[in-house]
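Survey of secondary and tertiary structure
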Amino acid sequence: MDLLQASVNDKYLALARTVRHYLMTRWLETERRQTELQSKAVAYLSAEFLLGRQLDNSLLATDLEEIAAESLQGLGIELDELRTVEVEPGLGNGGLGRLAACFIDSLATLDVPSIGYGIRYEYGIFKQTFVDGRQVEQPDNWLELGSPWEFPHPEAAVTVNFGGHTEKTADDDGREVSRWVPGWSVEGVPYNYMVPGYQNGRVNTLRLWSARATKAFDLQIFNAGDYTEAVRAQTFAENISKVLYPEDSTPQGKELRLQQQYFFVACSLRNFIEDVLPAGYDLHKLPERITFQLNDTHPVIAIPELMRILIDERGWNWDEAWDVTNQVFAYTCHTLLPEALEVWPTSLLEKLLPRHLEIIYRINKDFLARVRETYPGDEMRARHMSIIAESPERAVRMAYLATVTGSKVNGVAALHSQLLRDKVLKDFSDMEPEKFTNVTNGVTPRRFVRLANPGLSGLITEAIGDGWVTDLDRLSELEPLADDSGFLSRFREVKAANKARFADVMEARDGIRVDTGTMVDAMVKRLHEYKRQMLKVLHIVSLYEQVKSGALPIEKVTPRTFVFGAKAAPGYRMAKEIIALINAVGRTVNDDPAMQGRLTIVFPPNYNVTLAEKLIPAADLSEQISVAGKEASGTGNMKFALNGALTIGTDDGANVEIRELVGDENFFLFGMSEPEVERVVSAGYEPASFYDKNAALRRALDLIASGAFSDGRRGEFEPIVANLLEQDRFLVLADFQSYMDAQARVDTAYADQDAWTRSAVLNVARTGFFSSDRSMRDYLDRIWHAEPVSIDVSS
Ligand SMILES: CCc1ccc([C@H](C)CC(=O)N[C@@H]2O[C@H](CO)[C@@H](O)[C@H](O)[C@H]2O)cc1
């Protein structure tokens, strides 16, 4: 095909293949070196990897960006045109999935031997569209045009068994053992993705598994004329890796979800033990060679799977197997919502994984014996700590299984880890305090500063050199420039240019007009009541109500563009209602001439990594307003601060550490602290009392209920208002006034652009800590104890 006929996608694929070819030698060298050294490595087991687009990151990692742009120019092709056709692999829901992607980037850049293991979903996170302001999900057929970044290895396929039953037999020395007689099986085909380190020659691997039938096509049945039956096995098998579950907090407990979890875990352990480790490797030494990091509870079925392999396949005795299993797993918890902790009914495990259930029962029996030994006579504690829940139905508490077995358990921010110790996993922390630690999340500065914000990157590099890209603590060298008016005005120019770029993207992508002369006030994250998008809505509605009622002269309103980005889990009704309300308020306020364009609501559909990369550098204000004690960490908060946005937030998750580092004067703190929330809730929280005593709040809620945002239809958003007045589980009404006061402080601060910019520069200078490189160094020191191994690219 010659250039003239080539489509933009053809040209993009050609460039991608050129870059990947360049990386191939380094990939092979990394593999060779690792096989030669067999040094301790990290396997990151995650059901989600929210990778984002790959081309730019690969060009940066290989330092080929300039050459590529020039050579393409020579062919009359714009690099920018090619990068926009790339489809981002949406193999994740939100925070947890994106964190996994940042972590494997940092592991490669820190030269740590490591491998990511996950699922190659054929359909990623749904595409979000709005119909009359309501979310409608479209399938994400991201592989439609193929992906140049994946390498299938059908020759390394793994067979995974399911179902069947177990039977007691005797092994050759007459010991009674249990043997699994599976009912059916599928095959897992590995697809390898390159994970290039930043200009260090290392290319680690991300191995994602795709399911297919062991026997794809049954010719006999076909010849007998039953065509659907002939391919039934194939469709059935493929279903396992067909689609990502779009929930990010409330597990639906679907059988297929458990099948997905066991599928990728069984493939990954088999692959590591039989393909990565040298033949004949003595698995008693496994702890010296690998740590399997469990990214939340989703891969925890790996624990009984390793026990099964060591006992049933390798013939080890229980203690031998337990001793190794106890050392090779570590567990990271990413949530505080009790409903987000997965429990699997024993009835389902009995059906799908009978042998694993037996092993879990045995782990629990031994554990409860230890509990009773440590706390004699305290049956209540034993019942509380049991891995097996007896009610509402008999089920396995996966977080408890991970905590009992893992060598280490960590939360993802200091407050979160403390709440795990003091509340969620208190009994376990009391019993084995040394097992619990914290590793505060981080984000990769390559994608979220160097690539997303070239203007700011240039400014920083000019001032302190480019060492910050791999050593983000160096940002602190910018501190003195916060008092340099020249630097401040350059900094403001960069922000203004990023706003203009964002406005162009909004125009081209969604036909949305953004006034770049306004403050960009951004709230982008999954839609969840604990994240309190409703508090943001009440701020906007209250401002609107005050202007409309004449209480607030329009000239006193700071021109703002409120940018929302949020997907709701398809089954989460209240979340979908709130999305509809945000769009309804947007439609009303944006079109109201009385507002003279001073307040604009922008809610682009389908918020994803690619859109985040354009919005975050353009933002002035970062909304991190969850109720204290509910957001485990947050990572968007870190990305905004590193790109010079100021944060308005509660003392929740990593906000606490951001505020401690940037200083109270550079952070708009509001709301109750976690202990205060606890006190209000345990004292019995009456949301309606806040409605009664706060006129501005009452008027805002009444305006929503009045139908003002729904063409007069009163009942339209009644469920939202009723829920706030009756339950308000996440204390929106209780924190309303403190939030409004903080927003007034924001207005005042924003009026003094010099002071605001100085504060923004200090936010950048003081948040180098939130690099995922630092997170990885903490995991290496506290949990993995693996050493970097440099790859010499000259060979
Ligand atoms: C089974 C349903 C399900 C799916 C995903 C999850 C994730 C744990 C939810 C998640 O993404 N948690 C977020 O993880 C981020 C990375 O650590 C944190 O920064 C966020 O605070 C946390 O909400 C829970 C339950």
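These numbers come from a predicted model, not from an experiment. (Residues numbered from 1 in each chain as written. Predicted model: local features only at pLDDT ≥ 70, side-chain atom pairs only at ≥ 80, totals over all residues. Heavy atoms only, no water.)

A word on the overall build of the protein chain
When its secondary structure is counted, the protein chain shows 32 helices and 25 strands. Taking 28 Å as the expected radius of gyration for a compact globule of 795 residues, we find that the protein chain reaches 27 Å, a close match to that expectation. Considering the protein chain as a whole, with its 795 residues, one finds that 60% of them fall into the buried category. Counted over contacts in the protein chain with a minimum sequence separation of 6, partners at least 24 positions apart contribute 77%. Per element, the accessible surface of the protein chain, about 30,000 Å² overall, is 52% carbon and sulfur. (Helix = DSSP H or I, 4+ residues; strand = E, 2+ residues; numbered from the N terminus. Rg over C-alpha atoms; globule rule 2.2 N^0.38 Å. Buried < 20%, exposed > 50% of the residue type's maximum accessible area, 1.4 Å probe, protein only. Contact = heavy atoms within 4.5 Å. Areas by Shrake-Rupley, 256 points an atom, 1.4 Å probe, with all protein chains shown as cover.)

Details of the packing of helix α5 (residues 95–109) against helix α32 (residues 772–784)
For the pair α5 and α32, the least separation of the axes is 9 Å and the interaxial angle reads 80°. Classified by the angle their axes make, α5 and α32 are roughly perpendicular. Between α5, through C102, F103, S106 and L107, and α32, the contact on the second element is made entirely by S772, D773, S775, M776, Y779 and W784. In terms of residue class, the contact of α5 with α32 is made up of six nonpolar, three polar and one charged. (Axes fitted to C-alpha atoms, helices over the stretch in contact; angles between N-to-C directions. Parallel < 35°, antiparallel > 145°, perpendicular 65-115°, else oblique. Nonpolar A, V, L, I, M, F, W, Y, C, P; charged D, E, K, R; others polar.)

Here we look at the packing of aromatic side chains
Within this structure, the stated rule accounts for 22 aromatic pairs. For the ring pair F564 and F603, a centre distance of 6.0 Å and an interplane angle of 45° mean the geometry is tilted. With F564 in strand β21 (residues 560–565) and F603 in the loop between β22 (599–602) and α23 (609–615), this pair connects stretches of sequence that are 39 residues apart. F564 gets classed as buried once you look at its relative accessible area, which sits at 2%. Take F603: its relative accessible area is 6%, and that puts it in the buried class. (Phe/Tyr/Trp six-rings, centres within 6.5 Å; stacked < 30°, edge-to-face > 60°.)

Comments concerning the state of the cysteines
The final tally for this structure, using the stated rule, is zero disulfides. Cysteine C333 is unpaired, with the sulfur of C102 as its nearest cysteine sulfur at 19 Å. (Disulfide = S-S within 2.5 Å.)

Quick notes on the sheet that holds strand β15 (residues 343–345)
Across a sheet, strands are paired by hydrogen bonds formed along the backbone, either parallel or antiparallel in direction. The strand order across the open sheet built from three strands is β15-β17-β16, with neighbouring strands paired in antiparallel fashion. The open sheet is flanked by β15 and β16 (388–389), the only strands paired with a single partner. Bridge count between β16 and strand β17 (residues 395–397): two bridges; the pairing is antiparallel. Directly across from I388, in β17, lies its bridge partner V396. Its contacts with the sheet put helix α15 (residues 398–405) on β15 and β17, and the angle it makes with β17 is roughly 50°. (Pairing = 2+ DSSP bridges.)

Details of the side chain of T558
Examined against the element boundaries, T558 turns out to sit in the loop between α21 (533–548) and β21. Since its relative accessible area comes to 14%, T558 is described here as buried. A polar contact is formed between the side chain of T558 and the side chain of D747, at a distance of 3.0 Å. (Polar contact = N/O pair within 3.5 Å; in protein donor to acceptor, adjacent residues only side chain to side chain.)

Points about the domain arrangement of the protein chain
When cut into domains, the protein chain gives domain 1 (11–327) and domain 2 (445–768). In this complex, domain 1 contributes 32 residues to the contact, which on the side of domain 2 involves 30 residues. Carbon and sulfur atoms supply 52% of the area buried between domain 1 and domain 2, which totals about 2,700 Å² over both sides. The three residues of domain 1 that bury the most area against domain 2 are Q128, F130 and R134, which together make up 21% of that side's buried surface. On inspection of domain 1 and its partner domain 2, the count reaches four salt bridges. Close ionic contact of E137 with K576 constitutes a salt bridge, the shortest N to O distance being 2.7 Å. At the boundary of domain 1 and domain 2, one finds 14 residue pairs in polar contact (both at pLDDT 80 or more). For the side of domain 1 that touches domain 2, the secondary structure elements donating two or more residues are α2 (55–61), α5, β5 (127–131) and β6 (134–138). No other element matches α5, which puts six residues into the side of domain 1 that touches domain 2. The class makeup of the residues in the side of domain 1 that touches domain 2 is ten nonpolar, eleven polar and eleven charged. (Domains from an automatic or database assignment. Buried area = accessible area lost by both parts, 1.4 Å probe. Salt bridge = Lys/Arg side-chain N within 4 Å of Asp/Glu carboxyl O.)

Structural notes on the site of the ligand
Near the ligand lie 21 residues; those nearest to it are H334, N441, E631, S633 and G634. Interatomic distance of 2.6 Å between a side-chain N/O atom of H334 and an oxygen atom of the ligand. In this structure, Y530 approaches the ligand through a side-chain N or O atom, which is 3.0 Å from an oxygen atom. With the chains in place, 96% of the 570 Å² that the ligand exposes on its own is no longer accessible. In the shell around the ligand, the residues fall into seven nonpolar, eight polar and six charged. Both domains that furnish three or more residues to the shell around the ligand are identified here as domain 1 (11–327) and domain 2 (445–768). (Near = heavy atom within 4 Å.)

Overview of the pattern of salt bridges
Pairing is possible between side chains of opposite charge, provided their charged atoms come close. Counted under the stated rule, the structure contains 62 salt bridges. The partner of E313 in a salt bridge is R270, and the shortest N-O contact between them spans 2.9 Å. In this pair, E313 sits in helix α10 (residues 302–313) while R270 sits in helix α8 (residues 255–276), placing the two residues 43 residues apart along the sequence.

Some points on the nonpolar core
Counting 137 residues, the largest nonpolar core has V160, F162, F263, L286, F292 and I363 as its most contacted members. With ten residues, the single largest contributor to this core is α8. Excluding residues within four positions of it along the chain, F292 makes contact with A43, L45, L269, F272, L286, V328, F329 and A330. In this structure, I540, L646, Y685 and L762 belong to the second largest nonpolar core, which totals 107 residues. (Core = buried A, V, L, I, M, F, W, Y, C linked by side-chain atoms within 4.5 Å.)

Focus: the layout of surface pockets
Computed from the structure, the second largest pocket encloses a volume of approximately 710 Å³. Around the second largest pocket, the lining is made up of 32 residues, and of these V177, S178, I311, D312 and R355 lie nearest the centre. When its residues are assigned to classes, the lining of the second largest pocket shows eleven nonpolar, six polar and 15 charged. (1 Å grid on protein atoms, 1.4 Å probe; cavity = no way out; pocket = protein on both sides within 12 Å on 5 of 7 lines; lining within 4 Å. Points joined across faces, edges and corners; volume = space filled by probe spheres on them.)

Some thoughts on the sheet that holds strand β24 (residues 646–649)
In space, the six strands of this open sheet follow the order β22-β21-β20-β23-β24-β25, with parallel pairing throughout. Pairing within the sheet leaves two strands with one partner each, and these edge strands are β22 and β25 (668–669). Most of the contacts of α21 go to β21, to which it runs at about 155°, and overall it touches β20 (519–524), β21, β22 and β23 (621–624). Lying on the sheet, helix α31 (residues 753–765) is in contact with β23, β24 and β25; it crosses β24 at an angle near 85°.

Re empty space enclosed by the protein
Scanning all chains against the criterion turns up five cavities of 30 Å³ or more. Estimated volume of the largest cavity: approximately 170 Å³. Forming the walls of the largest cavity are 15 residues, and the residues nearest its centre are Q54, N57, A101, D105 and V195. Counting residues per element, the ones that place at least two in the lining of the largest cavity are α5, β11 (184–196) and α18 (445–451).

With respect to helix α7 (residues 227–238)
Taking 1.5 Å per residue as the helical rise, α7 with its twelve residues ought to reach 16 Å, and the 17 Å between its terminal C-alpha atoms agrees with that figure. By the burial criterion, the buried members of α7 are A230, Q234 and A237. Looking straight down α7, one finds its buried side chains confined to an arc of 65°; they lie on one side. Contacts from the buried residues of α7 go to β11, β12 (203–213) and α6 (219–223). (Expected span 1.5 Å × (residues − 1). Arc of directions from axis to C-beta.)

Describing the packing of α21 against helix α28 (residues 695–705)
Their axes nearest at 9 Å, the elements α21 and α28 cross at an angle of 95°. When the axis of α21 is compared with that of α28, the two are roughly perpendicular. Touching M534, L538, V541, S542, Y544 and E545 of α21 are A696, L697, R699, A700, L701, L703 and I704, all from α28.

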